[in-house]
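Residue-level listing of the chains:
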Amino acid sequence: MLKLCCTLVLLFCSAISSLSVETSNIGRVITPFSAPMAQGGDFSFENFPQAKAMAIVFTCNHCPFAELYIRRMNDFHREFAPLGIPLIAINPMDSLLYEDETFEEMKKKVIRDSIVFPYLQDHAQSIASMFNASHTPQTFVIQQVSGMWKIVYQGIIDDNGKFPELATPHLKNTAKAILSNLSIPKDVIASFGCKINYRSP
Amino acid sequence: MRTLISFCALFIAFMNGSAQTFNKLTIPDSLHGPNCTLRIADTFAQLRSGNQTITGAINGHTFWGPTVFVKKGDTIRMNVINALNDSTTLHWHGMHLPAVMDGGPHQVIPPGTIWKPYWKITNDAATYWYHPHLHEMTLEHVTKGVGGFLIVQDDQESALPLPRTYGIDDIPIMFTSRRYVANNQFAVQNTAYGDYLLANGVHDAEVTLPKQVIRLRILNAEIERSYNIGFSDNRTFYVIGTDGGLRDKPLAVNRLHIAVGERYEILIDCSNDELGKSFDLMAYNANQLFGFPGGEPAQNGQFGSLLNNKNFTMLHISIGERTTNPVITIPQTLIPFQPIDINSASSTQTIQVMGGAPNSPMPFHFMGGIFNINRIDKTIPMNSTQKWTITNSNVFGHTFHIHDVQFNIIARNGNASAVGQHEIGWKDVLYLPRNESATFIARFVDYADPLHPFMYHCHFSNHEDDGMMQQFVVVPPTEVSEDSIDFSSISIFPNPATESIMIDSRDIDLYYVSIQNVNGKTIMMLPQPEKGVPINVSALPKGFYSVRLTDMKTKQVIVRSFVK
């Protein structure tokens, strides 16, 4: 029992991260990825050949704070995808650990919440690892620079989960800056919400 | 069931503690045993203006959890559901119970799993509490707000003329403080102290108390900070209870030191106060001796705080109308105190605080090594009475907590007369100033279990997470038979199951049962399940389940299965 408990502790305590100073991933090159979509079929970057940039939001089904942002994510996608900045949501949670996070539950969520943006399952957590994502809902923006996709924004969708009318819309501001060819602040906004616990290798 | 007072008042400006605007104190819901369900979940709370703060709480609260009431002599059965994003544990602080039910670092509850401990309440009437205790995660989960009060009632206490109308003249208050970082989120790492005080999860709390004798059950749930409490009008108040029981008679004081993890029950006599009068419960923390937790001068940094080395308001109190049948006098006597006979101690355990010095490579720990979950540090024979002396020849104060037992402090620095009058009684936490020692006596009378240990540790959760914790087992007086057991007769029925399963273990006592789904994930944990009591599986989805059964005597494991 001691050994079992110890193993469990090690398994689930691998990510003790919280609100410490977060490592900046801005400038990191992102290899185009593909993953199954809860809406059906596989997502690939070829789905959005005209994209100037993409908003990448790591989210999940069971996190109450991430849940607050679904409508805002829909609104963003509706507004900015036609302008070349689609929103791609990625679920990196371990579906063995969290029964709410299975692909079947993701499909139900798409219908329940009328989700219009691609909702991908990162089953192997490889996409989250590539971004060094730590929480849901954590937000990145990637942009094509010299033929490579690079992270240009790392932070949050906005700064008020429950009252969007009071929030500073950081993600929208970033999208607008890209569309206006303005510079994007390189400051990282620390993520918070539900930790992404990575499965031990 | 009481209704939670709305958090709407929290939208009132929260201005760095300088505003004289107060928010109504929340009284946690009550939950009455013997059967209780506690669902721990991630949530968020509007604690100050701006963004919501990510918190953890229980049964729909947004910070903290319900107050569980149990009666001495009852067997309490807990259903602890972990709906957090992380594994956690829930420790019943101060309870005397089997180690396997204790909720320490060994009773890890994975996300989505139900843990079902039960035990007979043998503790005396007093204010206990429950909180997470997962090694290296305690600080984070406690900071989130997971926890609650556990109030034991008994016939002796019920016969006394004491206030006991919950939330009216009998007020549980959990004090702690938090530091905020960007977007109103709690600081967790490298933070020994918060900057803003919370009373039951409310900043700048106020309460209207009726014009009569009031009972406050005060819990210090800080990370490190002590409170040197008193009242702004310097009134006398009366200590009536320590961690594990009522005193023999009230102790009149003007100041009371409450360290992390400690609970004190006090009476304040408001019967002669004018209606509308206001005064404050204060922490007189300014100008304490070096080593007093929270006395450091810095206002920021790891050991700094806006509350450090300051006198500050903990609770703003206004006097309201008297209730019907009020208590208006302080009782002269309470519960006769029968301390453990000092001469009955059969051995002495010594604990030495080590490490933690500036630039030291080792964090605070006890001699023998930083915490190792696979190392048993002390073996205590059942039915023994022991003295434990903890020596802190070190740079800072700590609080020492031991699981399983309530103890009597019998000496400080080897001197019986140096024990504070306020700490005479039943305790499970003691404050250990720097360059001092403390000695307590305790009885280890039952619940022998050579496999599952109890903890003793510093109750500063950052120190505990860093390894200032060790573990002991209580062992039976006679050697346990290691004979093999014939498991062939153990069966589970009905199979297939719909509502519940029964385990027919014949004459074999079970130490532990856990149920796994087809993916191998543990979904239910049942320490020492009671014979003949069905296990409710009605909430489980249809499928194939494995049941791991551990024998009490040999700890051998056998696996059975059922289909739902």
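Residues numbered from 1 in each chain as written. Chains lettered and ligands numbered in written order. Predicted model: local features only at pLDDT ≥ 70, side-chain atom pairs only at ≥ 80, totals over all residues. Heavy atoms only, no water.

### Structural notes on the confidence of the model for chain B
Then step 1. This prediction gives chain B a mean pLDDT of 93; 96% of its residues lie at or above 70.
Then step 2. Here residues 1-19 of chain B scores under 50 on pLDDT; set against residues more than four positions off or in separate chains, the count is 44 contacts. (pLDDT = per-residue confidence, 0-100. Contact = heavy atoms within 4.5 Å.)

### Topic: the side chain of Q406 of chain B
Residue and element names in this part refer to chain B.
Then step 1. Take Q406: it is sitting in the loop between β30 (398-402) and β31 (408-412).
Then step 2. A polar atom in the side chain of Q406 sits 3.1 Å from the backbone oxygen of G94.
Then step 3. A polar contact is formed between the side chain of Q406 and the backbone nitrogen of G244, at a distance of 3.5 Å.
Then step 4. The residues contacting Q406, other than those within four sequence positions of it, are G94, N123, Y128, D243, G244, W426, K427, D428 and A442. (Helix = DSSP H or I, 4+ residues; strand = E, 2+ residues; numbered from the N terminus. Polar contact = N/O pair within 3.5 Å; in protein donor to acceptor, adjacent residues only side chain to side chain.)

### Structural notes on helix α4 (residues 103-112) of chain A
Residues and elements named next belong to chain A.
Then step 1. Among the residues of α4, M106, K109 and V110 are the ones counted as buried. Buried residues of α4, seen end-on, are gathered within an arc of 100 degrees and therefore sit on one face of the element. Of the residues in α4, the exposed ones pointing more than 90 degrees away from the buried face are I111 and R112.
Then step 2. Structurally, α4 contributes buried residues whose contacts are with α2 (64-67), α3 (70-80), β5 (87-91) and β6 (119-121).
Then step 3. One or two residues past the end of α4 sits S114, with phi positive at roughly 50 degrees. (Buried < 20%, exposed > 50% of the residue type's maximum accessible area, 1.4 Å probe, protein only. Arc of directions from axis to C-beta.)

### Quick notes on the nonpolar core
Then step 1. F33, I56, F58 and F131 of chain A are the most contacted members of the largest nonpolar core, which has 62 residues in total.
Then step 2. Considering each element in turn, this core owes the most residues, six residues, to strand β4 (residues 53-58) of chain A.
Then step 3. Setting aside its immediate chain neighbours within four residues, F33 of chain A contacts F43, S44, F45, I56, I90, L120, I127, M130 and F131 of chain A.
Then step 4. In this structure, I27, F69, L256 and L315 of chain B belong to the second largest nonpolar core, which totals 39 residues. (Core = buried A, V, L, I, M, F, W, Y, C linked by side-chain atoms within 4.5 Å.)

### Regarding the environment of Y196 of chain B
Residue and element names in this part refer to chain B.
Then step 1. As for its placement among the helices and strands, Y196 is situated in strand β15 (residues 196-199).
Then step 2. Given the relative accessible area of 11%, Y196 is considered buried.
Then step 3. Between the C-alpha atoms of Y196 and G245, which are 49 residues apart in sequence, the distance is 31 Å.

### Quick word on the pairing of strand β28 (residues 378-381) of chain B
Residues and elements named next belong to chain B.
Then step 1. Burial of the side chains of β28 is restricted to one face: K378 and I380 are buried, whereas none of T379 and P381 on the reverse face is.
Then step 2. Taken together, the four bridges between β28 and strand β35 (residues 469-475) define a ladder with parallel strand orientation. By the bridge assignment for β35, T379 is matched with V473. (Pairing = 2+ DSSP bridges.)

### Remarks on empty space enclosed by the protein
All names here are of chain B.
Then step 1. A complete count under the given rule lists eight cavities of 30 Å³ or more for this structure.
Then step 2. There is about 100 Å³ of room inside the second largest cavity.
Then step 3. What lines the second largest cavity is M502, I503, S505, L510, P529, E530, K531, G532, V533 and I535. (1 Å grid on protein atoms, 1.4 Å probe; cavity = no way out; pocket = protein on both sides within 12 Å on 5 of 7 lines; lining within 4 Å. Points joined across faces, edges and corners; volume = space filled by probe spheres on them.)

### Side note on the pairing of β30 of chain B
All names here are of chain B.
Then step 1. Of all five residues in β30, five are buried, a share of seventy percent or more.
Then step 2. Here β30 shows two buried faces, one formed by H398, F400 and I402 and the other by T399 and H401.
Then step 3. Bridge count for β30 against strand β34 (residues 454-458) is three bridges, and the pairing is antiparallel. In the sheet register, I402 faces β34, and the bridge partner there is Y456.

### Regarding unusual backbone geometry
Residues and elements named next belong to chain B.
Then step 1. For the bond from F493 to P494, the omega torsion is -10 degrees, close enough to zero to count as cis.
Then step 2. If you trace the backbone, P494 turns up in the loop between β36 (491-493) and β37 (500-504).
Then step 3. Residue P496 is reached from N495 by a cis peptide bond, and omega for that bond is 10 degrees.
Then step 4. Residue placement: P496 occurs in the loop between β36 and β37.
Then step 5. Here W64, not a glycine, exhibits a phi torsion of approximately 75 degrees, which is positive.
Then step 6. Using a relative accessible area of 4% as the deciding quantity, one classes W64 as buried.

### A short note on the pattern of salt bridges
Then step 1. On inspection of all chains with the given rule, the structure shows 33 salt bridges over all chains.
Then step 2. In this structure, the salt-bridge partner of K109 of chain A is E67 of chain A, at a minimum N-O distance of 2.8 Å. Within this pair, whereas K109 of chain A is found in helix α4, its partner E67 of chain A is found in helix α2, the two being separated by 42 residues in sequence.
Then step 3. The shortest N-O distance in the salt bridge between R164 of chain B and E157 of chain B comes to 3.3 Å.
Then step 4. Counted as one network, the salt bridges with shared partners bring together E157, R164, D170, R215, R217 and E265 of chain B. (Salt bridge = Lys/Arg side-chain N within 4 Å of Asp/Glu carboxyl O.)

### A word on the domain arrangement of chain B
Quite often, the size of an interface is put as the accessible area lost when its parts meet.
Then step 1. Taken domain by domain, chain B holds domain 1 (7-320), domain 2 (342-475) and domain 3 (491-563).
Then step 2. For domain 2 of chain B and domain 3 of chain B, the distance between their C-alpha centroids amounts to 37 Å. (Domains from an automatic or database assignment.)

### Topic: the layout of surface pockets
Residue and element names in this part refer to chain B.
Then step 1. Taken as a whole, the largest pocket spans an internal volume of roughly 880 Å³.
Then step 2. Here the element with the most residues in the lining of the largest pocket is strand β6 (residues 75-83); it accounts for four residues.
Then step 3. Split by domain, the residues of the lining of the largest pocket number at least three in each of domain 1 (7-320) and domain 3 (491-563).
Then step 4. Forming the boundary of the second largest pocket are 29 residues, of which Q302, F303, N462, H463 and D466 lie nearest the centre.

### Here's the deal with the sheet that holds strand β24 (residues 278-284) of chain B
Residue and element names in this part refer to chain B.
Then step 1. With mixed pairing, six strands are arranged side by side in an open sheet as β1-β17-β25-β24-β19-β22. Either end of the sheet is taken by a strand with one partner, and the two such strands are β1 (23-24) and β22 (256-258).
Then step 2. Pairing analysis gives seven bridges linking β24 to strand β25 (residues 311-320), with the strands arranged antiparallel. Its bridge partner being in β25, D280 is matched across the sheet by H316.

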